[in-house]
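Examination of the molecular architecture
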Amino acid sequence: MKLSVWTYEGPPHVGAMRVATAMKGLHYVLHAPQGDTYADLLFTMIERRNHRPPVTYTTFQARDLGADTAGLFKSACQEAVDRFAPEAIIVGASCTAELIQDDPGGLAETMGLSIPVIPLELPSYQRKECFGADETFYQLVKALARPQERTARPTVNILGPTALGFRHRDDVEEITGLLADMGIEVNVCAPLNARPADLARLPAAHANVLLYPETGESAARWLEKEHGQPYTKTVPIGVGATRDFIAEVQSLTGVTTQPDASRLRLPWWSASVDSTYLTGKRVFLFGDATHVMAMARVARDEMGFEVAGMGCYNREFARPLRKMAKDYGVEALITEDYLDVEAEIERLAPEMILGTQMERHIGKRLGIPCAVISSPVHVQDFPARYSPVMGFEGANVLFDTLVHPLVMGLEEHLLHMFREDFEFHDDAGPSHHGAKATPRVEQADTPEAPAGVTVTWLPAAEKELKKIPFFVRGKARRNTELFAAERGTSEISVDTLYEAKAHYAR
Amino acid sequence: MTHVPPPPQGGCRSAPVLKERGQREVFCGLTGIIWLHRKMQDAFFLVVGSRTCAHLLQSAAGVMIFAEPRFGTAILEETDLAGMADAHAELDREVARLLSRRPDIRQLFLVGSCPSEVIKLDLAKAAERLTQEHAPHVRVLNYSGSGIETTFTEGEDACLAAMVPVLPRTEARELLVAGALPDVVEDQMMGLLADLGIGPVRLLPARRVDEETAIGPNTVFALAQPFLGETHAALTRAGARHIPAPFPFGEEGTTAWLSAIAAEFGVSKDRFEEVTAAPRVRARKAVAAAAETLSGKSAFFFPDSQMEISLARFLTRECGMNATEVAQPYIRDALHGPELDLLPAGPRIAEGQDVDRQLDRALADRPDLTICGLGLANPLEAEGLTTKWAIELVFTPVHFYEQAGDLAALFARPLRRKERLRLEAAE
């Protein structure tokens, strides 16, 4: 038993719903009690979908438990098939139905339905949403893919995009366009917008493009093993990764054409002088491992930030993330507990967070700007405009996404020049954010001596510290205290402050 | 006393009820925690359930508004399902850890879920044990908010019913008002009752555990919400007597509700007029503004909050709408009878749900306004219908005179928006 307040992932059957809702012509019969239908609103409200998810819930009640819940499942299943006329159905149990052990798969098999029935075994008390999506897609591909000839022209499949995914809709469009530029056609994109019949055609492609390992890796591995299709290992987020991805696709398909990169702006935007102020901004990254790892590279190599820490909530990908964190010289944080994440952010006091909606709230509380880079998502992560994070346009989008929460370059210079001026002061906040930004909570600012060492700020030094712009003050305080502690100084004077400043000067 | 007349062509109390059984598109009772924990300021709600329960609370709450909210889920894991004794020990450990970190917590609710009910985890026993362990500082109670037993607002009902047996006893003649109301509304209600000379008035739930809500043979009680069937039964068992009345939605509902209580306490007609005249005029005026949009329009209610019959009564009688279907998860005559008496005959009255069949009927009726849950709203909008999310009616202050206009406006807004938007070319 573990106490949980907010969770990064839903239960595994919600992952199965993400696959079912992404597809067309597929229906999910879910053995579940009243109330589990809440999951519909994730899709209709957060993603603004204009159709109900293709899910029939058997809706058993307490009084059914002693009676015939299996019969209830069968009648719900038959009615769903009659009403929605799907090309295939997936059947499974939510957490409660798992306990009553009705075996939806076995029951559906005995019904003699004329369409493929794919049973799902999703252990609700061990696994979570990403696993549920990955496993569901894998079972679908395994059941429906048919051996066949490769297409004459070079083709690939796009694997992994689901409903409720972070920018999946636009990533697929961007990567499809990039591949078309290279003269490569997309044979099937799945699960997003695929029909069961499309999954049968998967083995016709020459290779697979795995955009989202969290939800598509098991299927990609199976297709490699069973149908000899290699798959891409690079996720094309950022300029460097997109270039690597292109090279990887070329080596898998033998195509040598380069896609058109004339719309790519990130490199110049990052090199231009206004971006100088981005140099060395300390960022903390948290989210699903794939987005975090890709964004750490973008942050360090393409924005010139300093990665202060990184972590992910999906343990399945802990190993590669740990390895990358080590290369970046930071400790990886692998946890599902947002309180751990909050504590780590407080400890590191970064200047910006790249995270999920959870970290956005943490940032709001701590007064640290945050850009959302990963699921879990909220309604604002489904923008009306075209807004991929993959490919060349994705890189452009990321530049804007990572710069927008910060104080603008020239404005930062002004704040430095007119420090504590009556107009340019801490509480004024970034001027492009309309309403007055929440003043930075002084939490990151309260004197906090390193353990075991008592460091006191003399009043004059404390006053001088206040003159340092708020967005670097936390760093100045920490550096000065560290500097003092290392030298065994117990009192911080104005001199100590500036000695520390000189010491840490870059 | 002021009389609210029944409709000329008769009400719906004896109308046939379409009883349906099938897929239900509703929340379970756990959802009530989202407003109950705001109401009871020293309470913590600990759901003993699965990851699904935690995910529901998070999704229904919309966003994580509170850093460390006063609710959480003890997520059952594979090991807990293996052996019962283990699960109790685990629960004790989690509760001890929680209470040591949160000394502000004075009452703890162990909330049963579908999985905890199915594995028959005895939370009553756990609550008894934990009360002994943490008394007198913390009182531990339990109730079930599981989907196999409760529909949406029935979670609050189960919670309040669980509190009744531990209320102190009193011989005093007191009015008890049951049902969680937003503080601003509760204060207005207390003001009206005080002006009528009615008191002392006790509240269930009280804002804090040490407030003086007690019960006994001379207690009379009124329900502020139409979904408190179990609480009604528990209060009756404890010796209190119910004052049946329509619910305080709209000018008429509020007047009828106050009037029933005033009659019980022998308030004079003059006094009643004096206290209610001005707010009644204000309420009618505020409702009239929204009724301009609503009048003559049709409404279709999917079953959701158990407030459907009361709201249909308000919309038809005070806003000039007509209802084509009014569905509620459950209909109980003791609670909803007075409302059905006032609801003009005509609409289909339905109990329970088979969502696919009901969607067929809604699409055939093509009502001007459909009141439904969040899962259905956008799909129905995409079919060209105009919808009002039912959950907002539970979260927004809508009771009593001063909110009557806001209540009507909630329904008028989607219609006004639709009239306003020009999303096509001019020609």
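Worth saying up front: this structure is predicted, and the values here are computed from it rather than measured. (Residues numbered from 1 in each chain as written. Chains lettered and ligands numbered in written order. Predicted model: local features only at pLDDT ≥ 70, side-chain atom pairs only at ≥ 80, totals over all residues. Heavy atoms only, no water.)

On to the overall build of chain A, then. Summing up its helical and strand segments, chain A has 21 helices and 15 strands in all. On C-alpha atoms alone, chain A measures out to a radius of gyration of 26 Å, which is about the 23 Å that the 2.2 N^0.38 rule sets for 506 residues. Accessible surface, chain A as shown: approximately 20100 Å² in total, 53% of it carbon and sulfur. Across chain A, the mean location of the 52 positive side-chain charges is 1 Å away from that of the 68 negative side-chain charges. (Helix = DSSP H or I, 4+ residues; strand = E, 2+ residues; numbered from the N terminus. Rg over C-alpha atoms; globule rule 2.2 N^0.38 Å. Areas by Shrake-Rupley, 256 points an atom, 1.4 Å probe, with all protein chains shown as cover. Lys, Arg positive; Asp, Glu negative; His and termini not counted. Charge placed at Lys NZ, Arg CZ, Asp CG, Glu CD.)

Below, the discussion takes up the sheet that holds strand 8 (residues 207-210) of chain A. Residue and element names in this part refer to chain A. On the basis of which strands lie adjacent, the open sheet formed by 3 strands has the order 7-6-8 and parallel pairing. Taken across any chain shown, the strands that pair with only one partner, and hence form the sheet edges, are strand 7 (185-190) and strand 8. In this sheet, adjacent strand axes meet at a mean angle of 25° when their direction is disregarded. Sheet topology places strand 6 (residues 155-159) next to strand 7; 4 bridges connect them, and they run parallel. When the bridges of strand 7 are listed, leucine 159 appears paired with alanine 190. (Pairing = 2+ DSSP bridges. Axes fitted to C-alpha atoms, helices over the stretch in contact; angles between N-to-C directions.)

Attention shifts here to the nonpolar core. Tyr28(A), Leu285(A), Met310(A), Phe45(B), Phe109(B), Tyr143(B) and Leu175(B) are the most contacted members of the largest nonpolar core, which has 238 residues in total. Once you skip the residues sitting within four places of it in the chain, Tyr28(A) turns out to touch His13(A), Ala16(A), Met17(A), Ala20(A), Pro54(A), Val55(A), Thr56(A), Ile90(A), Val91(A), Gly92(A), Leu120(A) and Leu122(A). (Core = buried A, V, L, I, M, F, W, Y, C linked by side-chain atoms within 4.5 Å. Buried < 20%, exposed > 50% of the residue type's maximum accessible area, 1.4 Å probe, protein only. Contact = heavy atoms within 4.5 Å.)

A separate point is the pattern of salt bridges. Residues and elements named next belong to chain B. Applying the stated rule across the entire model yields 59 salt bridges over all chains. Put simply, arginine 317 and glutamate 252 hold a salt bridge, and the shortest N to O gap is 2.6 Å. One end of the pair, arginine 317, is in helix 12 (residues 308-318); the other, glutamate 252, is in helix 10 (residues 250-264), and 65 residues separate them in sequence. Look at glutamate 252 and you get buried, because its relative accessible area is 16%. Arginine 280 is the partner of glutamate 273 in a salt bridge, and the nearest nitrogen-oxygen pair spans 3.7 Å. (Salt bridge = Lys/Arg side-chain N within 4 Å of Asp/Glu carboxyl O.)

A few words now on unusual backbone geometry. The amide bond that connects Ala190(A) to the next residue, Pro191(A), takes the cis arrangement and shows omega of 0°. Relative to the assigned elements, Pro191(A) resides in the loop between strand 7 and helix 9 (196-200). Cis geometry is found at the peptide bond from Ser375(A) to Pro376(A), where omega equals 0°. Non-glycine residue Ala85(A) carries a positive phi angle of around 45°. On the accessibility criterion, Ala85(A) (58% relative accessible area) is exposed. At Arg366(B), a residue that is not glycine, the phi angle is positive and equals roughly 45°. Take Arg366(B): it is sitting in the loop between helix 14 (355-365) and strand 13 (369-372).

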